[in-house]
Amino acid sequence: MKFMKLGSKPDAFQSDGADVRYVISDLATDVIVHVSEVKFYLHKFPLLSKSSKLQRLVIKATEEGTDEVHIDGFPGGVTAFEICAKFCYGMVVTLSPHNVVAARCAAEYLEMTEDVDKGNLIFKIDVFINSSILRSWKDSIIVLQSTKVLLPWSEELKVIGRCIDAIASKTSVDPANVTWSYSHSRKGMSCTEIVESTGRTSIAPKDWWVEDLCELDVDLYKRVMVAVKSKGRMSPELIGEALKAYAVRWLPDSYDALVAEDYMRRNQCLVETIIWLLPSDKTSGCSCRFLLKLLKVAILVGAGQHVKEELMRRISFQLHKASVKDLLLPAASPSDGAHDVKLVHNLVQRFVARTAMSHNGGFVEKSDDKMIELNFEQESTLALGELVDGYLSEVASDPDLSLSTFVELATAVPEAARPVHDSLYSAVDAYLKEHPNISKADKKKICGLIDVKKLSTDASMHATQNDRLPLRLVVQVLFFQQLRAGSSNALALTDGGGHTCAKPIMKDQSDICERRIPRHPNSLNKQATSLSAREVEHRKSEHRGGGRNSFKDQLGGFLLQSRSRRIFDKIWSSKGQGENGKGSETSGSSQSPPLSAKPADVKPSPLPPLRNRRYSVS
């Protein structure tokens with residue numbers, strides 16, 4: 001921190017209580033200057049030799065027959081006037097970044113210019129500011145902070161503008177030439193200047209200036225960041241990092257503090273300023289998580305609709321990078337439930353629309369760059385599917401979530417985003433568990449979202465034991481598992497030359513889908529290949545079996561539990577009524593042979609009739 005000493009005489013100012021200042025001197029004082037509530041007993045000659053303003057005020061007071069001068073609205077208050085008075089007496093005055101702006105504004109008010117006396121206070125302060133303050137990173141920030149209480153004087157004297165320009169220029173200095181000690185996180189650094197030197201062993205990070213600017217008030221911070229961006233030397237990523245640091249510094253963590261009446265307006269102004277300062281490049285600069293946090297704050301503090309719209313437009317470019325926790329945005333109205341599902345639906349629609357436009361607009365040429373871009377679009381679409389299904393699982397426990405809202409969000413995701421429906425099944429099951437009293441039509445509607453052909457073996461086994469699902473869906477799952485097992489058996493017979501298949505050993509599957517299905521980016525590929533992997537393992541077990549089992553034995557792994565067994569027995573028993581068409585998915589009156597038919601009756605050839613049978617009950 002820089003200092004400047006003026007004058008050489010010892011300080012002779014004394015206080016008599018809180019409202020009286022006087023100078024110890026052999027000469028009696030001949031003028032009383034009132035500044036705020038304090039009286040200064042001074043001598044006319046030193047004051048009038050330095051200040052044009054005091055000259056006029058004293059003359060006016062003399063004409064009125066009084067020796068008292070009243071000054072209202074003095075910039076800098078009592079402390080600043082005392083600095084000016086001591087300078088007039090030639091006493092020692094120490095200027096620092098903390099008081100230099102107040103002294104400069106006071107000197108301007110008193111008109112202590114070169115026209116009155118050479119080497120006057122205004123000239124000396126300007127030299128100190130230009131030669132020392134503005135060359136120091138730390139001091140420039142301190143001086144800028146002190147200008148707020150001295151408006152409009154500090155603005156009119158262009159002290160604010162000069163400090164802002166100095167700070168913005170220093171942010172673009174090569175980090176190799178930067179040392180600092182102002183930031184709290186930069187402990188151990190002793191230098192206070194930005195220096196131009198060579199041969200240094202340590203190099204500052206590119207974001208060395210970010211934390212220092214967080215000490216500024218929001219209005220000054222806004223002006224500094226505008227100046228930094230106007231230089232055109234700062235990357236969008238660094239600008240975004242600076243804005244994130246400032247938001248963390250000033251936005252409270254707790255909900256109560258965020259929406260407190262005393263701070264609501266300040267927080268609203270803060271979030272609107274940060275959003276206004278976001279980089280112009282909407283696809284870079286700020287992470288999706290940071291933007292969603294800003295959106296959450298904007299909703300809570302009641303920011304304007306244009307602010308939310310800007311955030312939603314930016315989020316839609318990178319929604320696939322968000323997490324489920326980030327999307328848990330509060331609803332604007334308590335009647336809409338705990339979370340704003342409709343807003344998330346809007347974000348998903350925007351993302352899907354942008355992805356579709358990007359996909360249709362390019363990828364005509366077959367080049368490495370185009371294929372990389374195409375793969376990126378596919379990966380982002382898959383990530384979106386995982387994200388939405390995970391979000392649906394979270395909000396499904398909200399009792400106020402309507403079925404239509406759930407279905408609309410689920411169907412907003414393209415089919416290509418869900419190669420596996422395990423996560424969607426988990427979300428549907430969670431909704432049915434929380435809303436047990438929905439009608440059969442609504443239950444059919446929400447369960448119609450699930451494609452049983454895209455369920456893994458574990459999810460299928462859980463579905464066959466799930467009493468919350470409609471019987472029709474359970475039947476579809478059972479038939480598809482029958483087709484899968486039959487196809488696996490046919491492949492095994494073809495590859496193994498008639499080897500028998502062994503009945504697989506089952507584990508307890510009662511709570512498979514009660515646990516959360518992992519939302520890792522690679523989980524989709526793993527789930528997509530899980531079916532084929534399990535079939536290969538099943539064929540290996542068939543080769544090790546040593547004897548051909550009945551068709552019912554082959555399905556034992558899937559139909560071991562009682563409810564599934566009963567349903568399958570009823571369906572299988574209705575096989576004999578095929579021509580009459582009187583079979584029912586709930587009827588058990590069929591006279592066909594049960595599943596305990598001899599092994600010789602079971603062949604791979606009946607697969608097409610089974611497939612047709614499956615569609616008849618769908």
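In the block above lies the structure referred to throughout.
Read on for an overview of the structure. (Residues numbered from 1 in each chain as written. Predicted model: local features only at pLDDT ≥ 70, side-chain atom pairs only at ≥ 80, totals over all residues. Heavy atoms only, no water.)

Below, the discussion takes up unusual backbone geometry. Note that the residue after L151, namely P152, is joined by a cis bond; omega there is 5°. When you line up the elements, P152 lands in the loop between helix 6 (137-146) and helix 7 (153-156). The backbone phi angle of S36 is positive, close to 55°, even though this residue is not glycine. Even without glycine at this site, E111 takes up a positive phi of about 60°. Following the sequence through the fold, E111 ends up in the loop between helix 4 (100-109) and helix 5 (121-131). (Helix = DSSP H or I, 4+ residues; strand = E, 2+ residues; numbered from the N terminus.)

Turning to the sheet that holds strand 3 (residues 20-23), a few remarks are in order. Pairing in this open sheet of 5 strands is mixed, and the strands run 2-3-5-4-6 from one edge to the other. Each edge of the open sheet carries a strand with a single partner, namely strand 2 (13-15) and strand 6 (68-71). Pairs of neighbouring strands in the sheet enclose a mean axial angle of 20°, with direction left out of account. Lying on the sheet, helix 2 (residues 52-63) is in contact with strand 4 (31-35) and strand 6; it crosses strand 6 at an angle near 130°. Strands strand 2, strand 3, strand 4, strand 5 (38-42) and strand 6 of the sheet are contacted by helix 3 (residues 77-89), whose axis makes an angle of about 5° with strand 5. (Pairing = 2+ DSSP bridges. Axes fitted to C-alpha atoms, helices over the stretch in contact; angles between N-to-C directions. Contact = heavy atoms within 4.5 Å.)

We now examine the environment of W209. Tracing the backbone through its elements, the reader meets W209 in the loop between helix 8 (159-171) and helix 9 (210-213). Beyond its immediate sequence surroundings of up to four residues, W209 is in contact with W137, T171, M225, V228, M234, L238 and A242. Only 3.4 Å separates the side chain of W209 from the backbone oxygen of K206, close enough to count as a polar contact. (Polar contact = N/O pair within 3.5 Å; in protein donor to acceptor, adjacent residues only side chain to side chain.)

This next bit is on the packing of aromatic side chains. Considering all chains together, one arrives at 9 aromatic pairs under this definition. Plain terms: the ring middles of Y221 and Y246 are 3.8 Å apart, the flat faces sit at 10° to each other, and that makes the pair stacked. Taken as a pair, Y221 in helix 10 (residues 218-231) and Y246 in helix 11 (residues 236-250) lie far apart in primary sequence, 25 residues in all. Members of the aromatic cluster, connected to one another through ring pairs, are F40, F74, F81, Y109 and W153. Taking NZ or CZ as reference, K222 lies 4.4 Å from the ring centre of W276, over its face. (Phe/Tyr/Trp six-rings, centres within 6.5 Å; stacked < 30°, edge-to-face > 60°. Lys NZ or Arg CZ within 6 Å of the ring centre and 35° of its normal.)

Right, let's talk about the packing of helix 10 against helix 11 for a bit. Helix 11 packs onto helix 10 with a crossing angle of 175° between their chain directions and a minimal axis gap of 12 Å. The angle between the axes of helix 10 and helix 11 places the two elements in the roughly antiparallel class. Across the interface between the two elements, V218, Y221, M225, V228 and K229 from helix 10 touch I239, A242, L243 and Y246 from helix 11. Looking at the contact of helix 10 with helix 11 residue by residue, the classes come out as 8 nonpolar, no polar and 1 charged. (Parallel < 35°, antiparallel > 145°, perpendicular 65-115°, else oblique. Nonpolar A, V, L, I, M, F, W, Y, C, P; charged D, E, K, R; others polar.)

Let's shift gears to the pairing of strand 6. Going residue by residue along strand 6, you find V69 and I71 tucked away on one face and E68 and H70 left uncovered on the opposite face. Looking at chain direction, strand 4 and strand 6 are connected through 4 bridges and run parallel. Considered in strand 6, the bridge of V33 is made with V69. (Buried < 20%, exposed > 50% of the residue type's maximum accessible area, 1.4 Å probe, protein only.)

Here we take up the nonpolar core. Looking at soluble globular proteins, one finds that nonpolar side chains tend to be buried together. Formed by 152 residues in total, the largest nonpolar core has its most connected members in L42, F81, W209, L213 and F406. Residues within four places of F81 in sequence aside, it is in contact with V33, V35, F40, L42, I71, F74 and L110. (Core = buried A, V, L, I, M, F, W, Y, C linked by side-chain atoms within 4.5 Å.)

Moving on: the pattern of salt bridges. In the structure shown here, the tally under the stated rule is 17 salt bridges. Residue K50 is joined to D117 by a salt bridge in which the shortest nitrogen-to-oxygen separation is 2.5 Å. Placement of the pair is K50 in the loop between helix 1 (44-48) and helix 2 and D117 in the loop between helix 4 and helix 5, with a sequence separation of 67 residues. Looking at K50, the relative accessible area reads 15%, which means it is buried. (Salt bridge = Lys/Arg side-chain N within 4 Å of Asp/Glu carboxyl O.)

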